[in-house]
Amino acid sequence: MAVHRIIAGVLKDKGVPEGVLNLLATSSRYLGDDMFTDRNIPLISFTGSTRIGKKAGGLIGERLGRAILELGGNNAIIVTPGANQELALRAIVFGAVGTTGQRCTSTRRVLIHNAIFEDFRNRLISAYKGLKIGNPLDAGCHVGPLIDKQAAATFFESIVKVKASGGRIVFGGTPFENKDCASGCYVVPCIAEVENHYPIVQEETFAPLLYLIRYKTLDEAIQLHNAVPQGLSSAMFSTNLMETEQFLSQRGSDCGIANINIGTSGAEIGGAFGGEKDTGGGRESGSDAWKAYMRRQTNTINYSTDLPLAQGISFKVTGEQRQ
């Protein structure tokens with residue numbers, strides 16, 4: 001709302017008519033449906049959950065409208081034996097706990113080679129122990145609150161499901177409260193050892209819940225990486241050129257964003273943003289994303305007195321006047 005007021009003031013100062021930019025705030029669940037089905041809106045760019053995105057896509061598609069859908073992410077980082085582990089460690093911690101895991105590009109899964117699994121896991125745990133949880137307006141804090149109590153409840157429910165599937169919590173996953181953080185929205189970020197096929201691992205928990213998964217070969221890592229419904233952001237940490245080229249090829253990541261030696265969480269400023277599979281489709285940002293917002297039209301103008309026909313066809317009409 002604050003940003004909208006700033007932009008509206010700028011547009012007014014520049015003489016832009018009122019109504020070019022609008023902000024609608026409502027608790028009604030029907031407003032979205034009304035917009036999705038309105039034929040006066042040729043394109044809708046929607047950001048939200050996969051569940052609601054599928055509904056939105058269906059309603060927009062019924063009227064043959066156009067949609068850009070930016071839905072859920074289940075973003076993974078592959079850490080190979082030849083990775084710069086210091087670089088990978090920083091990227092994973094920021095990607096998993098930055099904004100308290102509440103970004104569509106937050107790191108959810110880390111695929112770690114067996115040869116370095118225990119050591120790298122222990123280094124992650126040590127880094128998590130050093131995190132400061134508290135007021136997000138305090139520049140010294142790493143982790144702020146979840147958006148509301150329901151988000152915290154979902155976080156704890158997901159941890160219960162991890163344990164029920166056979167996963168092991170190796171750090172965190174508990175409430176965090178002190179005199180300044182008693183809202184019920186603060187949690188201790190969680191690290192869990194899991195297997196990729198667990199039902200809860202196949203979902204996106206919008207919270208600081210990080211899954212560690214073992215792999216033996218690069219082909220296995222890529223197969224596990226791609227074996228989720230979502231396809232937004234992905235990354236690999238490796239100094240092996242053959243490994244990185246495979247990850248970026250058609251045999252590698254199936255996500256809309258694939259990074260090498262940077263994390264999943266937003267450093268690719270200016271790149272085309274969006275995903276594949278249950279993440280939806282279409283792109284925001286990037287050099288040509290603006291084209292999706294335009295109405296495309298083909299114009300052919302004939303300046304001659306001859307009538308060109310399709311594919312150079314000769315088509316004489318009876319009674320046609322000849323010169």
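See the structure shown above.
Residues numbered from 1 in each chain as written. Predicted model: local features only at pLDDT ≥ 70, side-chain atom pairs only at ≥ 80, totals over all residues. Heavy atoms only, no water.

Student: Quick question: what am I supposed to make of the environment of proline 208 here?
Tutor: Turning to its location among the elements, proline 208 is positioned in the loop between strand S6 (190-193) and strand S7 (209-215). A residue is classified by how much of its surface remains accessible, and proline 208, at 1% relative accessible area, is buried. With 115 residues separating them along the chain, proline 208 and valine 93 place their C-alpha atoms 9.8 Å apart. Residues contacting proline 208, with those up to four places away along its chain left out, are Ala96, Val97, Thr100, Gly101, Leu146, Phe155, Val187, Pro189 and Cys190. (Helix = DSSP H or I, 4+ residues; strand = E, 2+ residues; numbered from the N terminus. Buried < 20%, exposed > 50% of the residue type's maximum accessible area, 1.4 Å probe, protein only. Contact = heavy atoms within 4.5 Å.)

Student: It is not clear to me how the packing of helix H7 (residues 218-226) against helix H8 (residues 241-248) should be interpreted in this structure. Could you clarify?
Tutor: Working note: a packed helix pair is described by the angle between its axes plus the distance between those axes. In the contact formed by H7 and H8, the axes pass within 11 Å of each other and the chain directions differ by 30 degrees. In terms of their interaxial angle, H7 and H8 are classed as roughly parallel. Pair H7 / H8 crosses with right-handed handedness. The residues of H8 that touch H7, namely those facing Leu218, Asp219, Ile222 and His225, are Glu243, Gln246 and Phe247. Considered class by class, the residues forming the contact of H7 with H8 number three nonpolar, two polar and two charged. (Axes fitted to C-alpha atoms, helices over the stretch in contact; angles between N-to-C directions. Parallel < 35°, antiparallel > 145°, perpendicular 65-115°, else oblique. Left-handed = near helix turned anticlockwise from the far one by under 90°. Nonpolar A, V, L, I, M, F, W, Y, C, P; charged D, E, K, R; others polar.)

Student: Would you take a moment to explain the sheet that holds S7 for this structure?
Tutor: Each strand in a sheet pairs with its neighbour through backbone hydrogen bonds, running either in the same direction (parallel) or in the opposite one (antiparallel). Strand order across the open sheet formed by seven strands is S5-S6-S7-S4-S3-S9-S10, with mixed pairing between neighbours. Here the strands that pair on one side only, and so sit at the sheet edges, are strand S5 (168-171) and strand S10 (257-260). Neighbour to neighbour, the strand axes of the sheet diverge by 25 degrees on average, direction disregarded. Of the strands in this sheet, strand S3 (75-79), strand S4 (107-113), S5, S6 and S7 touch helix H5 (residues 117-129), which is tilted by about 165 degrees from S7. Lying over the sheet, helix H6 (residues 149-165) contacts S5, S6 and S7, oriented at roughly 25 degrees with respect to S7. (Pairing = 2+ DSSP bridges.)

Student: I would appreciate a short explanation of the sheet that holds strand S2 (residues 66-70) in the present structure.
Tutor: With mixed pairing, the three strands of this open sheet are ordered in space as S1-S2-S12. Two strands bound the open sheet, and with one partner strand each, they are strand S1 (43-47) and strand S12 (280-281). As judged from the five bridges shared by S1 and S2, these two strands associate in the parallel manner. By the bridge assignment for S2, serine 45 is matched with isoleucine 68.

Student: Explain a nonpolar patch on the surface here, please?
Tutor: On the surface, a nonpolar cluster with roughly 580 Å² of combined accessible area is contributed by Val3, Ile6, Ile7, Val10, Val16, Val20 and Leu21. Mapped onto the secondary structure, valine 20 falls in the loop between helix H1 (2-13) and helix H2 (30-36). Exposure remark for valine 20: the relative accessible area of 58% places this residue in the exposed category. (Patch = residues over 30% accessible without salt bridge, like charges linked within 9 Å, V, L, I, M, F, W, Y side chains within 5 Å. Areas by Shrake-Rupley, 256 points an atom, 1.4 Å probe, with all protein chains shown as cover. Salt bridge = Lys/Arg side-chain N within 4 Å of Asp/Glu carboxyl O.)

Student: Sorry, what's going on with unusual backbone geometry here?
Tutor: Note: most residues except glycine have negative phi, and most peptide bonds are trans. With a phi close to 60 degrees, asparagine 261 is a non-glycine residue in the positive phi region. Despite not being glycine, serine 285 shows a phi value in the positive range, around 65 degrees. Along the chain, the position of serine 285 falls in the segment after S12. Given the relative accessible area of 41%, serine 285 is considered partly exposed.

Student: Sorry, what's going on with the packing of aromatic side chains here?
Tutor: The relative placement of two aromatic rings is captured by the distance of their centres and the angle of their planes. Taken as a whole and assessed by the stated rule, the structure comprises three aromatic pairs. Here phenylalanine 36 and phenylalanine 46 contribute two aromatic rings whose centre-to-centre distance is 5.8 Å and whose plane-to-plane angle is 80 degrees, an arrangement assigned as edge-to-face. Taken together, the residues phenylalanine 36 in helix H2 and phenylalanine 46 in strand S1 connect sequence positions ten residues apart. Both residues of the pair, phenylalanine 36 and phenylalanine 46, count as buried. Positioned above the aromatic ring of phenylalanine 117 is the side chain of arginine 214, whose terminal nitrogen or guanidinium carbon lies 4.1 Å from the ring centre. (Phe/Tyr/Trp six-rings, centres within 6.5 Å; stacked < 30°, edge-to-face > 60°. Lys NZ or Arg CZ within 6 Å of the ring centre and 35° of its normal.)

Student: Can you help me understand helix H3 (residues 50-62) in this one?
Tutor: It helps to recall that an α-helix has 3.6 residues per turn; residues three or four apart then point in one direction. Compared with the 18 Å implied by 1.5 Å per residue over 13 residues, the 18 Å span of H3 between its first and last C-alpha is a close match. Those residues of H3 lying buried are Thr50, Gly53, Ala56, Leu59 and Ile60. Of the residues flanking the end of H3, it is leucine 64, one or two places downstream, whose phi is positive at about 55 degrees. (Expected span 1.5 Å × (residues − 1).)

Keep in mind these numbers describe shape, not what the thing actually does.
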